[in-house]
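The primary structure of each chain is shown beneath.
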Amino acid sequence: MYPFSREAKKYADQDVRAPDVEEALAFLRNPLAEETFYNPAKHVMLYALAKAILSCCSQSTKNKYAEQKTREYVKRMTEAENLEAAREFFPAIEKQDGKYVLPLGEYLSYGSSLVHQSVENGKVTIEQDELNALMRSAIKEKFLNAAIQDVPEEIRKAAAQLEPPSTAIQSRAKFLNLACMQYIAKGVDEGKRFYGAFGLSISAKRDGLPKEKAVSFLTEYVQRCRGTKAFTAEEAKGILDWVYSRDIGFSCSQTMDNGFEGEYCQKCPLNWKRRKS
Amino acid sequence: MNEKELKFLQAHFRSHYQKHLPVPPDLASREFGFGWQKKIDYRHQSFASHKEFQDFMLTEVPLYVSYSLAYYQFPDKRPVSAKGFQGADLVFDLDQTNAEHDHSAFFCRGCLECLHREALGLKDMLSKDLGFESTLVFSGQKGFHLHVRSEKVRDLGKEARKQIADYVSAEGLDMRKLLPVAGESIELKFREGIRNVPKGPQAQSRGCTKRAYEAMRKAIESEDEKALKAYGLGRKNISYIKQNKQRALENLEKGNWGAFCDSENLDRVFANVVKTVRFVQTDKAVTFDLSRIIRLPDSLHGSTGFTAKTLKEGEKFKVEDAMAFKGEEIIEVIPREDVDFTLNGEWRLRKAKFEGLPMPIALFAIAQEKALLP
């Protein structure tokens, strides 16, 4: 039983325990265990928790784990399962002469290459490879489609464990290695993304990071940010261009005012408040 | 446009709209835009009823009327995101052609003829490939619009519409992806020792690939040297086809294009043939922009005085048929520049030389801002 299927719904509404969150993390990180696959109740619970965890992750982390899991599911499907699972997303799909035929509208809901398909009378005929690609995007979208309000703290913490450390920061950088900048670099929520990019740009400039490197660093940052409305690499680059064309000093108080004050400030060598008192 | 000319056009437009008021389906769910000096002076207008729309049209008499492809819950709210999107028609805009013709910088009838042909081709493709029935509408000036109003397209998102726009123009087409089946041409293997020649469009193909097969079959059957050359076949290949027509057709049926076409040239030939049967240049933004407003079918075009005429199935297009105004009344105008054109006769206007023109022609020249009233 695949956890994204309609059948899986009957296994939902189970109680979640703290160790389950740990298991869900392992479910995301490791290949799908056979014992989990054949235990529908557990599988559905882990899948639901994994969705909740991913909902708190940055875009790049979400994509990475969702793609990984999706590939596993599509790869293990038998031909019969494949058609049955496909009908979850493409209700009118039919198998004809070894190929799959589906209405144009259904193809367009997940397909991305109509120009290369064989289309006749409003129906798209696809080969197995293309169906697998469609299934991957459909399952991935469902995996990432989680409208969860008030996510428990333990799930947020679990999500943070999946985030990779930033690779672009130089070890000798003074400002980019500050705890607040490290925190921002891991990606921030909508509403703070602009100020985050601003802070990182100033730090990068003060640390003498060449602009090209700063651009790729900020691009990574953008991918890690979270939000329903897009915050693009172009927007971040606009901020970086502006900062790099001026001489702006790093301001601890400004960073705090922008909403990036945290426990880490207590141990910060630049802590403006502590030094003032 | 000067006040005097604007009033002249408005007087004629009003009398036309009194008898022929165009109304779009689902009027109350549409956003409208109107223009007097330019095509859209303002938008975000809506009308709850036919009567309200009629009153506006006969009082304000806009020279340009556009309406939204989208259906909204609150069509007059702004920004667009506040309107409550409820779906949209699908529209294709053809206003530029690459087809060869005698081009004239001012009012090119050749462009219109080519675009009409292309629009009919696109209409056919939309029906045969995508299963969409469409209505062909003259834009009122330089091109044509194809409107698809169907439940099938109403909920399509921007990305899906982009894919459809790419499909009809063959944008981003990679022939290797379209024809992934590796075949084996026995004849070529024998002749040149080449194996695994990619298969081309064949009798069993579908959609545009099928039409590419038919186009090539037609060219081979009729030994159409011009077409074969245009597809990229060399002199040697053409002479082989002429001498071995039956064999070439048999191979074509199985998709073995390598039997009559140089293997290193195959990709280019496939692409050329497919593009012949599937390449329509459209303004893509019109197709995928869900907040676009477009000329209201059967409204008047303020730059020509022509009707944006809805063409019936199989109706031949003649620009004179779209002229909204008839009549022999002579109107005196002062041409602003030298201009020659053909429209219900040949006209040669010379700068600053008073000219008495039949009313529809005078109205066209004034709308085009090529002439002023004395």
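Residues numbered from 1 in each chain as written. Chains lettered and ligands numbered in written order. Predicted model: local features only at pLDDT ≥ 70, side-chain atom pairs only at ≥ 80, totals over all residues. Heavy atoms only, no water.

Enquirer: I tried to follow the overall build of chain A on my own but got confused; where do I start?
Expert: Helix and strand counts for chain A come out as 14 helices and 4 strands. Per-residue burial for chain A yields a buried fraction of 45% across its 277 residues. Sequence-distant contacts in chain A: of pairs separated by 6 or more residues, those separated by 24 or more amount to 70%. As displayed, chain A offers around 14600 Å² of accessible surface, 48% of which is attributable to carbon and sulfur atoms. (Helix = DSSP H or I, 4+ residues; strand = E, 2+ residues; numbered from the N terminus. Buried < 20%, exposed > 50% of the residue type's maximum accessible area, 1.4 Å probe, protein only. Contact = heavy atoms within 4.5 Å. Areas by Shrake-Rupley, 256 points an atom, 1.4 Å probe, with all protein chains shown as cover.)

Enquirer: Even after reading the chapter, I still don't get the state of the cysteines, so can you show me in this structure?
Expert: Between two cysteines, a covalent bond joining their sulfur atoms is known as a disulfide. Residues and elements named next belong to chain A. Taken as a whole and judged by the stated rule, the model has 0 disulfides over all chains. Cysteine Cys225 remains unbridged, with the sulfur of Cys57 as its closest cysteine sulfur at 13 Å. Relative accessible area serves as the criterion here: at 6%, Cys225 is assigned to the buried category. (Disulfide = S-S within 2.5 Å.)

Enquirer: Mind showing me how you'd approach the interface of chain A and chain B here?
Expert: A common way to state how big an interface is: give the accessible area lost once the parts meet. Contacts between chain A and chain B engage 17 residues on the former and 23 residues on the latter. Roughly 1500 Å² is buried in total at the junction of chain A and chain B, and carbon and sulfur atoms are behind 56% of that figure. On the chain A side of the contact with chain B, Leu108, Val115 and His116 of chain A bury the most area, a combined 39% of that side's loss. The interface formed by chain A and chain B holds 0 salt bridges in total. Counting across the interface, chain A meets chain B through 7 residue pairs in polar contact (both at pLDDT 80 or more). Where the side of chain A that touches chain B is concerned, the elements lending two or more residues are helix H6 (104-110), strand E3 (118-120) and strand E4 (123-126) of chain A. Class assignment for the residues of the side of chain A that touches chain B results in 6 nonpolar, 9 polar and 2 charged. (Buried area = accessible area lost by both parts, 1.4 Å probe. Salt bridge = Lys/Arg side-chain N within 4 Å of Asp/Glu carboxyl O. Polar contact = N/O pair within 3.5 Å; in protein donor to acceptor, adjacent residues only side chain to side chain. Nonpolar A, V, L, I, M, F, W, Y, C, P; charged D, E, K, R; others polar.)

Enquirer: Looking at this model, I keep getting lost on the sheet that holds E4 of chain A. Mind explaining?
Expert: Remark on secondary structure: sheet strands pair via backbone hydrogen bonds, oriented parallel or antiparallel. All names here are of chain A. Taken in spatial order, the 4 strands of this open sheet run E1-E2-E4-E3, and their pairing is antiparallel. Each edge of the open sheet carries a strand with a single partner, namely strand E1 (94-96) and E3. If you compare each strand with its neighbour and ignore which way they point, the axes differ by 30° on average. Bridge count between strand E2 (residues 99-103) and E4: 4 bridges; the pairing is antiparallel. From the neighbouring strand, Val101 faces E4, where its bridge partner is Thr125. Sheet strands touched by helix H7 (residues 128-144): E2 and E4. Its angle to E4, the strand with the most contacts, is close to 110°. (Pairing = 2+ DSSP bridges. Axes fitted to C-alpha atoms, helices over the stretch in contact; angles between N-to-C directions.)

Enquirer: Can you help me understand the sheet that holds strand E3 (residues 64-68) of chain B in this one?
Expert: Residue and element names in this part refer to chain B. Strand order across the open sheet formed by 4 strands is E2-E1-E3-E9, with antiparallel pairing between neighbours. Looking at which strands have only one partner, the edges of the open sheet turn out to be strand E2 (42-45) and strand E9 (293-295). Strand-to-strand, the axes of this sheet are offset by a mean angle of 30°, without reference to chain direction. Across 4 bridges, the pairing between strand E1 (residues 32-35) and E3 is antiparallel. Pairing of Gly33 across the sheet is with Ser66, part of E3. Packed on one face of the sheet, helix H2 (residues 50-60) meets E1, E2 and E3 and runs near 10° to E1.

Enquirer: Help me understand the domain arrangement of chain A, please; the structure alone is not making it clear to me.
Expert: Residues and elements named next belong to chain A. On domain assignment, one finds that chain A holds domain 1 (6-144) and domain 2 (165-276). Counting residues at the interface gives 5 residues for domain 1 and 4 residues for domain 2. For the pairing of domain 1 and domain 2, the buried interface totals around 330 Å² over both sides, and the portion due to carbon and sulfur atoms is 50%. Of all residues in domain 1, Ser58, Gln59 and Ser60 give up the largest surface area on contact with domain 2, accounting jointly for 76% of the area buried on that side. Joining domain 1 to domain 2, the criterion identifies 0 salt bridges. Counting across the domain 1 and domain 2 interface gives 0 residue pairs in polar contact (both at pLDDT 80 or more). Tallied by class, the residues present in the side of domain 1 that touches domain 2 amount to 2 nonpolar, 3 polar and no charged. (Domains from an automatic or database assignment.)

Enquirer: I would appreciate a short explanation of the nonpolar core in the present structure.
Expert: As a rule of thumb, nonpolar side chains are buried together in soluble globular proteins. Counting residues in hydrophobic clusters, the biggest one holds 156 residues, and the most contacted among them are Ile53 and Met135 of chain A together with Met216, Phe260 and Phe341 of chain B. Counting 33 residues, the second largest nonpolar core, distinct from the first, contains Ala214, Tyr221, Cys268 and Leu270 of chain A. (Core = buried A, V, L, I, M, F, W, Y, C linked by side-chain atoms within 4.5 Å.)

Enquirer: I tried to follow helix H10 (residues 235-243) of chain B on my own but got confused; where do I start?
Expert: Helical geometry note: an α-helix holds 3.6 residues per turn, so side chains three or four residues apart project in the same direction. All names here are of chain B. Buried residues of H10: Asn237, Ile238, Tyr240 and Ile241, and no others. Down the axis of H10, the buried set is contained in an arc of 160°. They therefore lie on one face. Opposite the buried face of H10, at more than 90 degrees from it, the exposed residues are Arg235, Lys236 and Gln243. (Arc of directions from axis to C-beta.)

Enquirer: Just to check I follow, could you spell out the domain arrangement of chain B for this structure?
Expert: Residue and element names in this part refer to chain B. Partitioning chain B into domains gives domain 1 (3-170 + 281-322), domain 2 (175-277) and domain 3 (330-372). Computed from C-alpha atoms alone, the centre-to-centre distance between domain 1 and domain 3 is 27 Å. Contact residues are listed per partner, giving 16 residues for domain 1 and 15 residues for domain 3. Note on domain 1 versus domain 3: buried area summed over both sides is about 1400 Å², and carbon and sulfur give 76% of it.

Enquirer: Looking at this structure, how should I read the packing of aromatic side chains?
Expert: Any two aromatic rings considered together are summarised by their centre-to-centre distance and by the angle between their planes. Residues and elements named next belong to chain B. If you walk through the whole model with that rule in mind, you get 34 aromatic pairs over all chains. Between the aromatic rings of Phe138 and Phe144, the centroid separation amounts to 5.6 Å while the plane-to-plane angle is 50°, which identifies the pairing as tilted. A relative accessible area of 0% places Phe144 in the buried class. In this structure, Lys162 is placed above the aromatic ring of Phe288, and the distance from its NZ or CZ to the ring centre is 4.9 Å. (Phe/Tyr/Trp six-rings, centres within 6.5 Å; stacked < 30°, edge-to-face > 60°. Lys NZ or Arg CZ within 6 Å of the ring centre and 35° of its normal.)

Enquirer: Help me understand the pattern of salt bridges in this model?
Expert: Oppositely charged side chains can pair when the atoms bearing their charge come close. Applying the stated criterion across every chain yields a total of 34 salt bridges over all chains. The shortest N-O distance in the salt bridge between Lys51 of chain B and Asp55 of chain B comes to 2.9 Å. Placement of both Lys51 of chain B and Asp55 of chain B in helix H2 is noted, with a separation of 4 residues, approximately one turn of the helix. The class for Asp55 of chain B is partly exposed, based on a relative accessible area of 35%. A salt bridge links Glu171 of chain B to Lys284 of chain B, with the nearest nitrogen and oxygen atoms 2.7 Å apart. Of this pair, Glu171 of chain B sits in the loop between helix H5 (158-169) and helix H6 (175-178) while Lys284 of chain B sits in helix H13 (residues 284-288), and the two are 113 residues apart along the sequence. The exposure class of Lys284 of chain B is buried, given its relative accessible area of 18%. One network of salt bridges, with partners in common, ties together Lys211, Lys237 and Asp241 of chain A.

Enquirer: Would you mind going over the confidence of the model for chain A with me for this structure?
Expert: Low pLDDT means the predicted coordinates in that region are not meant to be read closely. Averaged over chain A, the pLDDT score is 84; the fraction of residues at 70 or greater is 89%. The secondary-structure element of chain A with the lowest mean pLDDT is helix H14 (residues 272-276) of chain A, recorded at 61, while H6 of chain A shows the highest, at 95. (pLDDT = per-residue confidence, 0-100.)

Enquirer: Got a minute to help me understand helix H4 (residues 59-76) of chain A in this structure?
Expert: Taking 1.5 Å of rise per residue, the 18 residues of H4 of chain A would be expected to cover 26 Å, and the 26 Å separating its terminal C-alpha atoms lies within 8% of that figure. Turning to H4 of chain A, its buried residues are Thr61, Lys62, Tyr65, Ala66, Lys69, Thr70, Tyr73 and Val74 of chain A. (Expected span 1.5 Å × (residues − 1).)

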